[in-house]
Amino acid sequence: MNKYEAEFSNLVRSFRKKHMGKGPSKITTTFCKKWAICEMEGNLSPVEKFIASANEGKQALRAARTEMVKEMYRKNPPLEMEEFLGCKLVELFVDIDIDRDFGMSIFVFDEDIQAKFNN
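Reading the values: rules and limits
- Residues numbered from 1 in each chain as written.
- Predicted model: local features only at pLDDT ≥ 70, side-chain atom pairs only at ≥ 80, totals over all residues.
- Heavy atoms only, no water.
- 1 Å grid on protein atoms, 1.4 Å probe; cavity = no way out; pocket = protein on both sides within 12 Å on 5 of 7 lines; lining within 4 Å.
- Points joined across faces, edges and corners; volume = space filled by probe spheres on them.
- Helix = DSSP H or I, 4+ residues; strand = E, 2+ residues; numbered from the N terminus.
- Buried < 20%, exposed > 50% of the residue type's maximum accessible area, 1.4 Å probe, protein only.
- Pairing = 2+ DSSP bridges.
- Axes fitted to C-alpha atoms, helices over the stretch in contact; angles between N-to-C directions.
- Contact = heavy atoms within 4.5 Å.

Think of a ball as big as a water molecule: rolled over the atoms, this probe shows where empty space is left. Taken as a whole, the largest pocket encloses approximately 150 Å³ of empty space. Considering the residues around the largest pocket, the lining is formed by Lys70, Tyr73, Arg74, Pro77, Pro78, Leu89, Val90, Glu91 and Leu92. Broken down by secondary-structure element, the contributors of at least two residues to the lining of the largest pocket are helix H3 (55-75) and strand S3 (89-97). In terms of residues, the lining of the largest pocket owes the most to one element, S3, which gives four residues.

On to unusual backbone geometry. You will see that Lys33, though not glycine, has its phi angle at about 55 degrees, which is positive. Phi at Asp101 takes a positive value of approximately 55 degrees, unusual for a residue other than glycine. Along the polypeptide, Asp101 turns up in the loop between S3 and strand S4 (102-109). Asp101 sits in the buried class, given a relative accessible area of 11%.

This paragraph deals with the sheet that holds strand S2 (residues 35-41). The antiparallel open sheet is built from four strands, whose spatial order is S1-S2-S4-S3. Each end of this open sheet is capped by a strand with a single partner; those strands are strand S1 (26-32) and S3. With direction set aside, neighbouring strand axes in the sheet form an average angle of 15 degrees. In this sheet, S2 lies alongside S1 in antiparallel orientation, the contact comprising seven bridges. In the strand pairing of S2, Cys32 is matched with Trp35. Sitting on the sheet, helix H1 (residues 3-20) touches S1, S2 and S4, and the angle it makes with S1 is about 130 degrees.

Structure (structure tokens):
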């Protein structure tokens, strides 16, 4: 992870903390063409871990941690991330493995951020 990818990880963590009350404990970001791929560990709060102990809770939590996160970004555009990268977010893909407490977010921008920041 170069310094731009590390700073992007920090922006993701602070955005999540601000809008969800808790950010991941570890984020690793890789820029690949127009994508910022963020691997995230330690996403779940203690209450969410308790909810996940029931199968129905696991399904509800996964839905919340995917669809609701995408909706959060739609309602609160990540201006700090766009300003930092100098380009616009056009799409966001989110998934989480509740059992492993491991999630991935792929931010798709309107410019090649790999070429811009991996020199």
